[in-house]
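Analysis of the macromolecular model
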Amino acid sequence: MAHSQQTAPFDYVIFGATGDLTMRKLLPALYNQLRVGHVPEEARIIGTARSSLSREEYVARAREALETFLPAEHRDDALIERFLQKVHYVTLDGTKSDHNWDDLKAVLDQSPADRIRVFYYSTAPQLFEAISENLHRFGFITPQSRVVLEKPIGTDSASARAINDGVSRFFEENQIFRIDHYLGKETVQDIIALRFANPIFNAVWSAEHIQSIQITAAETVGVEGRASYYDTSGALRDMIQNHLLQVLSLCAMEAPADLEADSVRDAKVNVLKALRPIPEEKVASETVRAQYVKGELKGKPVPGYLEELGDDSNTETYAVMRAYVDTPRWKDVPFYIRTAKRSTRKVSEVIVTFRKSASSLFRTSATSDRLVIRLQPDEGFGLALNVKNPAAAGFDLQHGTMDGKFAPADGSLIPDSYERLMLDAVRGYPALFIRRDEVEAAWAWVEPTLKAWAANKAPMAHYPAGSYGPEEARRFIATTGDAWHEDMAD
Ligand SMILES: NC(=O)C1=CN([C@@H]2O[C@H](COP(=O)(O)OP(=O)(O)OC[C@H]3O[C@@H](n4cnc5c(N)ncnc54)[C@H](OP(=O)(O)O)[C@@H]3O)[C@@H](O)[C@H]2O)C=CC1
Ligand SMILES: O=C1O[C@H](COP(=O)(O)O)[C@@H](O)[C@H](O)[C@H]1O
């Protein structure tokens with residue numbers, strides 16, 4: 001994924017500029033890219049939303065967001081002021097053709113006509129088509145324009161198709177950048193490096209040597225201020241359909257011809273299309289869904305999901321799916337995909353469990369070698385191997401562990417995923433964005449499970465907040481001879 005760090009001057013137009021995502025992630029990401037020298041002096045950030053605000057009022061909100069959300073080591077008052085000089089605001093309902101589009105035009109017209117324009121839709125996806133239509137109607141979509149679509153791209157295959165069709169009426173596919181912030185995580189990209197730059201892994205990366213792969217993204221947070229979105233989504237739509245299937249694709253893909261966008265995306269979509277379907281009648285045995293009930297986290301009592309919501313709900317806050325990739329490389333190797341809210345700890349990781357050695361040389365049998373790819377936190381990898389137990393009189397085996405870090409060589413912090421992605425959109429570099437066929441293949445695979453769960457064809461389990469999940473998940477993984485990472489000795 002080689003590309004230049006340089007960017008030409010750009011105008012970043014954010015729809016949804018007063019929202020949580022803009023304040024928490026997008027503005028800090030652009031600031032940090034200015035800090036490291038990737039944002040040219042002429043660049044501008046033009047926020048838009050319906051809230052009636054003057055430029056000064058919006059800039060004050062942006063300043064507060066930067067002061068709140070930037071890590072202390074990145075905060076620099078002078079640089080914050082330099083950044084804020086780039087920030088503009090237009091009060092605009094993106095869905096209404098008779099609103100303040102002239103105001104947006106007046107701001108955009110201050111730049112040369114061939115300036116790169118990135119339209120970032122940080123709003124509900126139902127607005128995407130209408131905003132695109134208005135951008136087209138007022139002649140804002142130039143050949144140098146791109147559009148970034150926030151997730152979720154739909155809630156099922158049909159709605160994803162409708163959103164994609166709606167935006168495609170006005171933008172070419174090569175102008176459309178569908179965000180999956182997991183792909184912007186440097187550690188997720190490390191899956192490619194670990195697999196293909198290291199013969200010791202590349203040579204054994206198949207069913208012949210690998211027993212199973214588990215992919216987990218667990219969080220301690222509940223649904224926070226996003227209950228109205230989350231309750232219509234649930235864990236499967238929120239995390240598995242997008243982020244975790246992308247991680248699975250990177251773990252399972254064949255070597256791409258090169259690291260150009262379409263080579264990598266072709267390799268990933270081939271994995272998604274090779275996922276063995278889980279028909280509705282098998283959903284009860286191939287998945288687990290659960291909701292947290294009240295429990296305890298870091299010594300403090302935590303309410304259950306229904307209490308937080310203040311309503312009844314059939315929405316899962318925990319989901320596990322067992323996937324098989326039906327290619328010769330992955331013959332019958334289970335991939336366990338798991339996500340949870342209100343888990344014991346925040347962790348995203350990939351655990352590769354290798355087949356046990358068949359050697360009968362030793363007094364004790366070997367246990368499985370294991371590669372742990374820590375996507376976050378403590379970004380790095382661990383390798384657990386069989387070694388001799390030096391304290392034993394005989395030739396007994398035990399696990400010896402090696403540890404590596406994914407830290408930048410210059411000692412800086414790992415950049416936030418939005419930093420990389422927002423600037424890649426400016427550069428017109430789509431490798432870390434999802435192509436339309438990937439989105440649709442992922443929805444096609446999860447859809448029977450969504451339907452079976454909606455029809456209550458699989459039970460809803462429960463787990464206390466602050467635990468690793470329901471007992472049912474432990475029994476589930478044992479049926480294919482595996483255990484969750486937290487239940488392993490190291
Ligand atoms: N927050 C997060 O952590 C994440 C969010 N996302 C996705 O990003 C999107 C935005 O999320 P988030 O910031 O949390 O949502 P918020 O509800 O906090 O913000 C929504 C934004 O959209 C604006 N808006 C609403 N209607 C219109 C309209 N008709 N025209 C122009 N602007 C409009 C709102 O401002 P106003 O009311 O002033 O118009 C506000 O700025 C959602 O699709 C969400 O699913 C994805 C991943 C994580
Ligand atoms: O997209 C989402 O991701 C976050 C988790 O992201 P992470 O980078 O902290 O792992 C999740 O909290 C949110 O519900 C979901 O919409």
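Check the entry above for the structure.
Okay, so let's go over this structure. (Residues numbered from 1 in each chain as written. Chains lettered and ligands numbered in written order. Predicted model: local features only at pLDDT ≥ 70, side-chain atom pairs only at ≥ 80, totals over all residues. Heavy atoms only, no water.)

Details of the overall build of the protein
Here is the rule: Here a strand is any run of E in DSSP of at least two residues, a helix any run of H or I of at least four, and the numbering for each starts at the N terminus. C-alpha atoms define the radius of gyration, and 2.2 Å times the number of residues to the power 0.38 defines the globule rule. Burial classes: relative accessible area under 20% of the type maximum marks a residue as buried, over 50% as exposed, and values in between as partly exposed (1.4 Å probe, protein chains only). In this description, contact between two residues means that some pair of their heavy atoms is separated by no more than 4.5 Å. A 1.4 Å probe and the Shrake-Rupley method give the accessible areas. Residues count as covered only by the protein chains that appear here. None of His or the chain ends enter the tally, which takes Lys and Arg as positive and Asp and Glu as negative. The atom standing in for a charge is NZ when the residue is Lys, CZ when it is Arg, CG when it is Asp and CD when it is Glu.
The secondary structure content of the protein amounts to 16 helices and 17 strands. Taking 2.2 N^0.38 as the reference for a compact globule, 490 residues should give roughly 23 Å; the C-alpha atoms of the protein span a radius of gyration of 24 Å, in line with that estimate. Looking at the protein as a whole, 56% of its 490 residues are labelled buried. Counting only contacts in the protein whose residues sit at least 6 apart along the sequence, the fraction spanning at least 24 positions is 77%. Per element, the accessible surface of the protein, about 20700 Å² overall, is 52% carbon and sulfur. In the protein, 57 side chains carry a positive charge and 69 a negative one; their mean positions are 2 Å apart.

What to know about the packing of aromatic side chains
What counts is decided by this rule: Between the rings of Phe, Tyr and Trp (Trp by its six-membered ring), a pair exists once the centres lie within 6.5 Å; its type follows the angle of the planes, with under 30 degrees stacked, over 60 edge-to-face, and the other angles tilted. Here, a charge over a ring means that NZ of Lys or CZ of Arg falls within 6 Å of the ring centre while also lying within 35 degrees of the ring normal.
The final tally for this structure, using the stated rule, is 19 aromatic pairs. Their ring planes at 70 degrees and their centres at 5.9 Å tell us that tyrosine 336 and tryptophan 484 sit as a pair that is edge-to-face. Taken together, the residues span a long stretch of sequence, with tyrosine 336 in strand β12 (residues 335-340) and tryptophan 484 in the segment after α16 (471-478) at a distance of 148 residues. The pair formed by tyrosine 336 and tryptophan 484 is uniform in burial state, with each residue classed as buried. For the cation-ring pair, arginine 338 lies above tryptophan 484, with the distance from its terminal atom to the ring centre recorded as 4.0 Å. The side chain of lysine 388 reaches across the aromatic face of phenylalanine 395, ending 5.7 Å from its centre.

Observations regarding a negative patch on the surface
Under the convention used in this document: For patch detection, residues must exceed 30% relative accessible area and be free of salt bridges, and they are connected within 9 Å for like charges or within 5 Å for nonpolar side chains (Val, Leu, Ile, Met, Phe, Trp, Tyr). Every case where a carboxyl oxygen of Asp or Glu lies within 4 Å of a side-chain nitrogen of Lys or Arg is listed as a salt bridge.
A contiguous patch of negative charge, built from Glu64, Glu67, Asp76 and Asp77, is present on the exposed surface. Looking at where glutamate 67 falls in the secondary structure, it is placed in helix α2 (residues 55-69). Relative accessible area serves as the criterion here: at 39%, glutamate 67 is assigned to the partly exposed category.

Structural notes on the sheet that holds strand β17 (residues 460-464)
Test applied: Following DSSP output, two strands are said to pair if at least two bridges run between them. Working convention: axes come from line fits to C-alpha atoms, limited for helices to the stretch in contact. Angles between N-to-C directions cover 0 to 180 degrees.
What the nine strands build is an open sheet, ordered β16-β15-β14-β13-β7-β12-β11-β8-β17; its pairing is mixed. The open sheet has two edge strands with one neighbour each: β16 (397-405) and β17. Each strand of the sheet is rotated relative to its neighbour by a mean of 20 degrees, with strand direction disregarded. Sheet analysis places strand β14 (residues 370-376) next to strand β15 (residues 380-388), joined by five bridges and oriented antiparallel. Residue pairing for β15: arginine 374 is matched across the bridge by glycine 380.

Focus: the pairing of β15
The antiparallel hairpin formed by β14 and β15 contains three residues in its connecting segment, where aspartate 378 sits at a positive phi of about 50 degrees. As judged from the nine bridges shared by β15 and β16, these two strands associate in the antiparallel manner. Paired with leucine 383 across the strands is methionine 402, a residue of β16.

A closer look at the packing of helix α1 (residues 20-35) against helix α14 (residues 417-427)
As a reminder, the rule being used: For classification, angles of less than 35 degrees are called roughly parallel, those exceeding 145 degrees roughly antiparallel, those between 65 and 115 degrees roughly perpendicular, and all remaining angles oblique. Here a crossing is taken to be left-handed if its near helix is turned anticlockwise relative to the far helix by less than a right angle, and right-handed if that turn runs clockwise. Three classes are used, and their members are as follows: Ala, Val, Leu, Ile, Met, Phe, Trp, Tyr, Cys and Pro are nonpolar, Asp, Glu, Lys and Arg are charged, and the others, Gly among them, are polar.
For the pair α1 and α14, the least separation of the axes is 8 Å and the interaxial angle reads 70 degrees. As the angle between them shows, α1 and α14 are arranged roughly perpendicular. In terms of crossing hand, the pair formed by α1 and α14 is right-handed. On α14, the residues touching Leu21, Lys25, Leu26, Ala29, Leu30, Asn32 and Gln33 of α1 are Tyr418, Glu419, Met422, Leu423 and Arg427. Grouping the constituent residues of the contact of α1 with α14 by class yields seven nonpolar, two polar and three charged.

A few points about the site of ligand 2
Threshold: Near, as used in this document, describes a residue that has one of its heavy atoms within 4 Å of the molecule or strand being considered. N or O atoms closer than or at 3.5 Å make up a polar contact, with two conditions inside protein: a donor-capable atom paired with an acceptor-capable one, and, for residues adjacent in sequence, both atoms drawn from side chains.
For ligand 2, the full set of nearby residues is Lys151, His181, Tyr182, Lys185, Glu219, Arg226, Asp238, Met239, His243, Lys341, Lys346 and Gln376. Measuring from an oxygen atom of ligand 2, one finds a side-chain N or O atom of tyrosine 182 at 2.6 Å. Arginine 226 has a polar side-chain atom sitting 3.2 Å from an oxygen atom of ligand 2. Residue contributions to the shell around ligand 2 peak at three residues, all from helix α10 (residues 235-252). Tallied by class, the residues present in the shell around ligand 2 amount to two nonpolar, three polar and seven charged.

What to know about helix α15 (residues 436-454)
Basically, it comes down to this: In this analysis, the expected span of each helix is defined as 1.5 Å times one less than the number of residues it contains. Note that bend, as reported per residue, equals the angle between axes fitted to the 7 residues terminating at that residue and the 7 residues originating from it.
Between its first and last C-alpha atoms α15 spans 26 Å; for 19 residues at 1.5 Å apiece the expected length is 27 Å, and the two agree. Taking the largest bend as the criterion, α15 deviates by roughly 40 degrees, centred on valine 446, and proline proline 448 comes between one and four positions later. Across the 19 residues that make up α15, a large majority, 14, are buried. Backbone geometry just downstream of α15 places asparagine 456 in the positive-phi region, at approximately 55 degrees.

Just geometry here; none of it tells us what the structure is for.
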